[in-house]
Amino acid sequence: MSAETRDPLEGFDATVHAPNRLRVCALLDTAGEAEFGVVQKQLGLSASVLSKHVSVLMDAGYVEQRKAVRDTRQRVWLRLTRRGQDAYRGHLAALRAIVGPS
């Protein structure tokens, strides 16, 4: 492969690639920040499934959470970190390179 040819897998991120994690990243990339319950509702996931995927993204440094009390209940807001944004956008670019022009 020459230096001019870009590897289509460059930027492919297996952590982001899992369908539910990809959906979480897409939602957070668009929203900026979203409450856990809103993400859960938008994606149609159980709290436990969403929590597991968010934990994987947090362990990778892609998502961070902010906790605060609202309406006398503790709420959790999620957002992509800069590293998460870069990973998500790089993954999208890799997928586009793999499938080629439409």
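In what follows, the structure referred to is the one given above.
Throughout what follows, the structure given in this document is the object of discussion. As the structure is a prediction and not an experimental result, all values here were calculated from the model.

So, how was this worked out
Residues numbered from 1 in each chain as written. Predicted model: local features only at pLDDT ≥ 70, side-chain atom pairs only at ≥ 80, totals over all residues. Heavy atoms only, no water. Helix = DSSP H or I, 4+ residues; strand = E, 2+ residues; numbered from the N terminus. Buried < 20%, exposed > 50% of the residue type's maximum accessible area, 1.4 Å probe, protein only. Contact = heavy atoms within 4.5 Å. Lys, Arg positive; Asp, Glu negative; His and termini not counted. Charge placed at Lys NZ, Arg CZ, Asp CG, Glu CD. Pairing = 2+ DSSP bridges. Axes fitted to C-alpha atoms, helices over the stretch in contact; angles between N-to-C directions.

Description of the overall build of the protein chain
Helix and strand content of the protein chain: five helices and three strands. For the protein chain, the C-alpha atoms occupy an extent of roughly 60 × 25 × 20 Å along the three principal directions. Taking all 102 residues of the protein chain together, the buried fraction comes to 33%. Across the protein chain, every contact between residues at least 6 apart in sequence was considered, and the portion connecting residues at least 24 apart equals 54%. Treating the 15 positive side-chain charges of the protein chain as one cloud and the 11 negative ones as another, the clouds have centres 9 Å apart.

Some remarks on the environment of A60
With respect to the secondary-structure elements, A60 resides in the loop between α4 (47-59) and β2 (63-70). The sequence separation of A60 and Q74 amounts to 14 residues, and the corresponding C-alpha distance is 24 Å. Once residues lying within four places of it in the same chain are set aside, the contact partners of A60 are T15 and R83.

Section: the sheet that holds strand β3 (residues 73-80)
Read across the open sheet, the three strands follow the order β1-β3-β2; overall the sheet is antiparallel. Only two strands of the sheet have a single partner each, and these edge strands are β1 (34-35) and β2. The pairing of β1 with β3 spans two bridges and is classified as antiparallel. Within the sheet, the bridge partner assigned to A34 lies in β3 and is L78. In the packing of helix α2 (residues 19-31) onto the sheet, contacts are made with β1, β2 and β3, and the angle to β3 comes to roughly 90°.

A few points about the pairing of β3
As paired elements, β2 and β3 share eight bridges and run antiparallel to each other. Its bridge partner being in β3, Q65 is matched across the sheet by L78. Counting the residues that bridge the hairpin from β2 to β3 gives two residues, and of these D71 lies at a positive phi of roughly 55°.

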